[in-house]
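# A closer look at the structure
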Amino acid sequence: MMSICAGTDFPGAHDQSGNNDEESLHFGIDDTDNRTGGCTTHLAFKIIERIIRDTNAHFVDYPLLIRLNPNVPWKTRGNAAVCIRLTSDKKDQQRIIDIVKHYVETEAVVGSGADPGVVLFRGHQLPEAITEFSKTAMCDILRRRDAIRLAEKYKIEYFLLGKGRGIIGSLAAIGCLLEGDHTFEAIAYRRPENVGTPRILEPDKIIEFSRSTFPYTFNNFDFRHKRVLIAPHGPDPVFCGIRGENPHIVLSSLKSLNIEERLEGCMVFRSNQGTNMHLLSEIKLPEAKSFTSGHIRCTVRSRPHIAQGGHTLFYVENRDGSSLPVAVYEPTGLAKTASFLAEGDVLELGCGIRRASIKHPKILNVEYFMVLELAKVFVLRNPTCTICSKSMKSEGKGKGFQCKKCKLRESSELNKVSIQIPRAISTGMYIPTPKAHRHLTKPMHRFGLEKLSSDYSEELPILGNWIILDQLCSENYQNQ
Ligand SMILES: [Zn+2]
């Protein structure tokens, strides 16, 4: 047995007791894809398909699809890592390890942007240092050498290709227990011969399941822009993915699409997508690090203005008096609304920190804003005429006022009057439009649906309920 410090039980650990021959294996896989193709979740699908076919392994959790800090500049498309947790008897272990290595070696697109990393932890209890590392990876920048040092300290086996930067995400993936809030995604995969051809999806069917499953699925269809959100574009092995609150609803929604294309299969992942996990920690000013993510409570300190490109810019200050500029970008769909903010408004901002350049200091890039308190806004108006109640006209600085209608004059001793004006924005939460959502963005209707307990034992994966090999489409063929 490996010596392990006091740590955290991983989900399902207690169900595995009593069999001394069985050992828990936790695989983390990251950075196998580049910007033009390949996909870490697809690799996980193929690995799991093979493990099911060739070994007697038991899966103790759904495969995890873990999204890491989206503000890391060198991420691939979605900065996704995968974790596979299983138990197996001694005789199957080496076979499983060989399967994982084989697929990473042959499928990862090393040399064109991927720097794969695979880690393997054996044991029932994850060291706390690994779960802490994972928490940091959600919102901060980690170095490859820190990951290697940690892996060596806790005797975590690792296997790296290319520059091996994938060790960071793979370690973060096994350390992510998703004990709190989490969601599910059913992903359907295309056969190799179809990759690159147009995906045939009926928007009506997407709209239908989206309405009937509300609020338990999310980001299926952007009703405002009439856009399908479940399918990627381009030469990706993913046909489509449906996100929601439980494994059953995402899978039944997928089936309701009656996809005509013959697929390779589909698999349900448990995930931190749609949870705002990267924004959980508080951003401290002025020491906020570039590329980190988090949230901050602050006060608006300058009147917002809309800059070229439709982005809204203003300054905020925290309670210690440190200030930073804030940008609300046009594509978020929030820029116009943010322009109605005023000096003195109290906000909570979810944001990523953009690096300073020669042209500008560090900037808080807004991912959501919550208006906590609205300041009272006054404007100075000319006094009204005492005879006809019309607003008077200024005769020039220090020259008094005159009524345009009855020509009544008033001396300059009469002051302008301060009038409180109604605000064009109210308190509450403002989040980007669905098509601008990042994978981690929590959709509006998930607020209040957050899962709080780690007790999802009723949902523990039963094989066949979360991975479908080729069946989704053969059913359709049989129906024809
Ligand atoms: Zn008048």
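Scroll up to find the structure this text is about.
Residues numbered from 1 in each chain as written. Predicted model: local features only at pLDDT ≥ 70, side-chain atom pairs only at ≥ 80, totals over all residues. Heavy atoms only, no water.

Of the regular secondary structure elements, the protein chain holds nine helices and 27 strands. Here the protein chain, with 480 residues, has 54% of them falling under the buried criterion. Taking the intrachain contacts of the protein chain between residues at least 6 apart in sequence as the baseline, contacts between residues at least 24 apart amount to 74%. Total accessible area on the protein chain stands at roughly 22,700 Å², and carbon and sulfur atoms take up 50% of it. (Helix = DSSP H or I, 4+ residues; strand = E, 2+ residues; numbered from the N terminus. Buried < 20%, exposed > 50% of the residue type's maximum accessible area, 1.4 Å probe, protein only. Contact = heavy atoms within 4.5 Å. Areas by Shrake-Rupley, 256 points an atom, 1.4 Å probe, with all protein chains shown as cover.)

Let us now look at the coordination of the zinc ion. Around the zinc ion, the protein supplies C385 (SG), C388 (SG), C403 (SG) and C406 (SG) as donor atoms, at distances of 2.2 to 2.3 Å. With four donor atoms in place around the zinc ion and angles of 98 to 125° between them, the coordination shape is tetrahedral. (Donors = N, O, S within 2.8 Å, 3.2 Å for Na, K, Ca; no water. Tetrahedral: all angles 85-135°; square planar, octahedral: opposite > 155°, others 65-115°.)

Turning our attention to the pattern of salt bridges. As enumerated under the stated definition, the model contains 23 salt bridges in all. Linking R143 and D146 is a salt bridge whose minimum nitrogen-to-oxygen distance equals 3.1 Å. On the accessibility criterion, R143 (43% relative accessible area) is partly exposed. Between E245 and K451 there is a salt bridge, and its shortest N-O distance comes to 2.7 Å. Residue E245 is found in the loop between β13 (238-244) and α7 (247-256), and its partner K451 is found in the loop between β26 (428-430) and β27 (467-469); the two are separated by 206 residues along the sequence. Its relative accessible area of 6% is what places E245 among the buried residues. When its relative accessible area of 17% is taken as the criterion, K451 is described as buried. One connected set of salt bridges, linked through shared partners, spans D181, E245, R446 and K451. (Salt bridge = Lys/Arg side-chain N within 4 Å of Asp/Glu carboxyl O.)

Of note, the bond from F214 into P215 is cis; its omega dihedral lies within 30 degrees of zero at 0°. The omega torsion of the bond from L285 to P286 falls at 0°, within 30 degrees of zero and hence cis. Following the sequence through the fold, P286 ends up in the loop between β14 (263-271) and β15 (293-300). With a phi close to 75°, F291 is a non-glycine residue in the positive phi region.

We now examine the side chain of S24. Examined against the element boundaries, S24 turns out to sit in strand β2 (residues 22-30). Side-chain polar atoms of S24 contact the side chain of H124, separated by 2.9 Å. (Polar contact = N/O pair within 3.5 Å; in protein donor to acceptor, adjacent residues only side chain to side chain.)

A word on the packing of aromatic side chains. Applying the stated criterion to the full structure yields four aromatic pairs. Ring geometry for Y62 and F184: centres 5.2 Å apart, planes at 75°, overall edge-to-face. Placement of Y62 in the loop between β3 (58-59) and β4 (64-67) and of F184 in strand β9 (residues 183-190) is noted, with a sequence separation of 122 residues between them. Ring centres of F369 and Y430 lie 5.0 Å apart, and the angle between their planes is 20°; on these two criteria the pair is classed as stacked. A residue pair is termed long-range when its members are at least 10 positions apart, and F369 in strand β20 (residues 363-373) and Y430 in strand β26 qualify at 61 residues. For Y430, a relative accessible area of 17% gives the class buried. Looking at K101, its charged tip hangs above the ring of F159, at a distance of 5.4 Å from the centre. One Lys or Arg, K442, reaches over the ring of F447 and ends 4.4 Å from the middle of that ring. (Phe/Tyr/Trp six-rings, centres within 6.5 Å; stacked < 30°, edge-to-face > 60°. Lys NZ or Arg CZ within 6 Å of the ring centre and 35° of its normal.)

Of the residues making up helix α6 (residues 203-213), those classed as buried are I206, I207, F209, S210 and T213. As for α6, its buried residues are in contact with β10 (217-218), β11 (221-222), β12 (227-228), β13 and α7.

Core analysis: the largest hydrophobic core is formed by 57 residues, its most contacted members being F27, I47, I84, C240, L254 and L257. Here F27 is in contact with V82, C83, I84, I96, I97, V100, V118, V119, L120 and I174, once residues within four sequence places are set aside. Counting residues in each nonpolar core, the second largest holds 30 residues, with F133, M138, A172 and M277 among its members. (Core = buried A, V, L, I, M, F, W, Y, C linked by side-chain atoms within 4.5 Å.)

As a further point, take the environment of D204. On the secondary structure map, D204 appears in helix α6. Accessibility expressed as a relative area gives 60% for D204, which makes it exposed. Separated by 53 residues in the primary sequence, D204 and L257 place their C-alpha atoms 9.3 Å from one another.

Right, let's talk about the packing of helix α1 (residues 40-54) against helix α2 (residues 90-107) for a bit. Two elements in contact, α1 and α2, have axes whose closest approach is 10 Å; the angle formed by their N-to-C orientations is 150°. α1 and α2 meet at a crossing whose hand is right-handed. Within the contact between the two elements, α1 uses L43, K46, I47, R50, I51 and D54 and α2 uses R95, I96, I99, V100, Y103, V104 and E107. (Axes fitted to C-alpha atoms, helices over the stretch in contact; angles between N-to-C directions. Left-handed = near helix turned anticlockwise from the far one by under 90°.)

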